[in-house]
Amino acid sequence: MRSRWGLTSALAEQQLQKQKDGRGVLLESFTMGWFNLVLQALWSPILEKHIAGLTGDLLQKVLNEVREKNSSKAPWKFLEAIVLEELRFGAVPPSFQNTLAKYDPAASLLTITMDVKFTSNSAQAVMLVRTKVLPVVSTAFNVRLEATYVQFSGRLHLGLLLGPEPPGIKGIYYSFATKPDLDIAVRPLGMALPPELIALTGALQGVLQKIISRRMVEPQRRFFDMHRMYMNRHITRVGGPGGLLRVVIHTAKHLVPNTSSSKSDPSNNSSSSSIADPAAAAAKVSRYDQIAAKFAAAKAGNKKPGSIATFCELKYNHQVMRTPVAHHAAAGTAVWEWQLSLALPADLAAAAAVGSAAQGNSPAARSAGSGGSGGSAAGKGAAAAAAGSADVCLLAVYEAQ
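Draft legend 1. Just helix 2 (residues 33–69), in detail. End to end, helix 2 covers just 43 Å across 37 residues, shorter than the expected 54 Å (1.5 Å per residue, more than 12% under). At Trp43, helix 2 shows its maximal bend, which comes to roughly 90°, and the proline Pro45 appears one to four places after that position. Buried within helix 2 are the following residues: Asn36, Leu39, Trp43, Glu48, Ala52, Gly56, Leu59, Gln60, Val62, Leu63, Val66 and Arg67.

Draft legend 2. Structural context of a nonpolar patch on the surface. A grouping of Trp34, Val38, Leu42 and Ile46 is seen on the molecular surface, where their side chains present a nonpolar patch of about 390 Å² in accessible area. Of note, Ile46 is situated in helix 2.

Draft legend 3. Representation of the pairing of strand 11 (residues 307–316). Most of strand 11 sits inside the fold, with eight of its ten residues counted as buried. Judged from the four bridges that link them, strand 11 and strand 13 (residues 326–329) form a sheet pairing that is antiparallel. Residue pairing in the sheet places Ala309 in a bridge with His327 of strand 13. One ladder, built from four bridges, connects strand 11 with strand 12 (residues 319–322); its direction is antiparallel. Considered in strand 12, the bridge of Glu313 is made with Arg322. Linking strand 11 back to strand 12 in an antiparallel pair, the connection comprises two residues, with Asn317 at a positive phi of about 50°.

Draft legend 4. Seen up close, the environment of Met231. Tracing the backbone shows Met231 in helix 4 (residues 226–238). Between the C-alpha atom of Met231 and that of Arg246, which follows or precedes it by 15 residues, the distance is 9.7 Å. When residues no more than four places from it in sequence are discounted, the contact partners of Met231 are Leu244 and Arg246.

Draft legend 5. How the structure looks around the nonpolar core. Residues Trp76, Phe96, Met127, Leu145, Leu200 and Leu204 are the most contacted members of the largest nonpolar core, which totals 41 residues. Where this core is concerned, the elements lending two or more residues are helix 2, strand 2 (79–88), strand 4 (109–119), strand 5 (124–131), strand 6 (142–162), strand 7 (169–176), strand 8 (181–189) and helix 3 (200–215). No other element matches the seven residues that helix 2 contributes to this core. Filtering out sequence-adjacent residues up to four positions away, Leu204 remains in contact with Leu63, Trp76, Met127 and Leu145. Counting 18 residues, the second largest nonpolar core, distinct from the first, contains Ile249, Cys312, Leu314 and Leu340.

The rules behind these values
Residues numbered from 1 in each chain as written. Predicted model: local features only at pLDDT ≥ 70, side-chain atom pairs only at ≥ 80, totals over all residues. Heavy atoms only, no water. Helix = DSSP H or I, 4+ residues; strand = E, 2+ residues; numbered from the N terminus. Expected span 1.5 Å × (residues − 1). Bend = angle between axes of the 7 residues up to and from the residue. Buried < 20%, exposed > 50% of the residue type's maximum accessible area, 1.4 Å probe, protein only. Patch = residues over 30% accessible without salt bridge, like charges linked within 9 Å, V, L, I, M, F, W, Y side chains within 5 Å. Areas by Shrake-Rupley, 256 points an atom, 1.4 Å probe, with all protein chains shown as cover. Salt bridge = Lys/Arg side-chain N within 4 Å of Asp/Glu carboxyl O. Pairing = 2+ DSSP bridges. Contact = heavy atoms within 4.5 Å. Core = buried A, V, L, I, M, F, W, Y, C linked by side-chain atoms within 4.5 Å.

Printed below as a string of structure tokens:
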């Protein structure tokens, strides 16, 4: 099965050829002196720990894969586990120069190619190696290896896959144009290595170089899923016991203006009765209704002929949320592109039962289903404008007054 982190060679070569063609909307080259200054300022307080954490997770997965794949070969067959205990890149960040940026609008892909160079300063990586029972000494060992010197340089490709969903970047493809220069010094920390593991330091260096050459040199690319990482953290931060429901309200089509005299705002659910005496009717009108009528008349006078303004309302578990008001032509399309997240309860079935009972008696539910005086979806277009309903959620479109 092809790994989700990889990109097939054929697709990578096709994208690489598009980048070389230079037919994108954006094509520019620039130096990175300003970027290196900003990177230096942010490296120690923020970026170094974050990048070290991401790199450490990736390196641990690679070490586990290599150990399992080479479990029948020395020195890997003597190992029970390799655990990356600590990884720090030190006080000096990598430096970047000679940058070329290209944008492919068809793929929403921004490709940035640059020269990168890194020479470690106070960097450290510590790996705990747990061995099996070794034949010579008839016992198992826990040994630590330390890498304090790392140097690499090459031409780095970054492909930023842009999109409308947060955080705005779906993911990042990363690779090198050619095989980069890599030098890593690994040594035992504390005790000397047993005879069976003397070749382990050289094997680790060779594995890292081989992985970069086989998996990270064009046309082979790796992919970092930014959207997945963001959503995992977003769910942890704002999700409920039952998880998180992500809702995106895009558009509503074929909306018809409300020709009834009643207000379309769903909050106006008061029923009116006919009054024969005009004087009595005038006495019934409150000061608030008079002011509201004046504002409605002024608003109608400023309204463009043939245009309507609509909003979408979402009701969920005793919460009411509304989109901004969209102004559009009559019988046209309202565009919101409105996003929200709903924390789900642990017992979603119970919430559905409560929501269903509440919706059956709610004015919004009646208007969404019938297009009556409650004012969903502007009169005749009620059925078309109601985007959908569920036992837990109710979604309807209303004409703003």
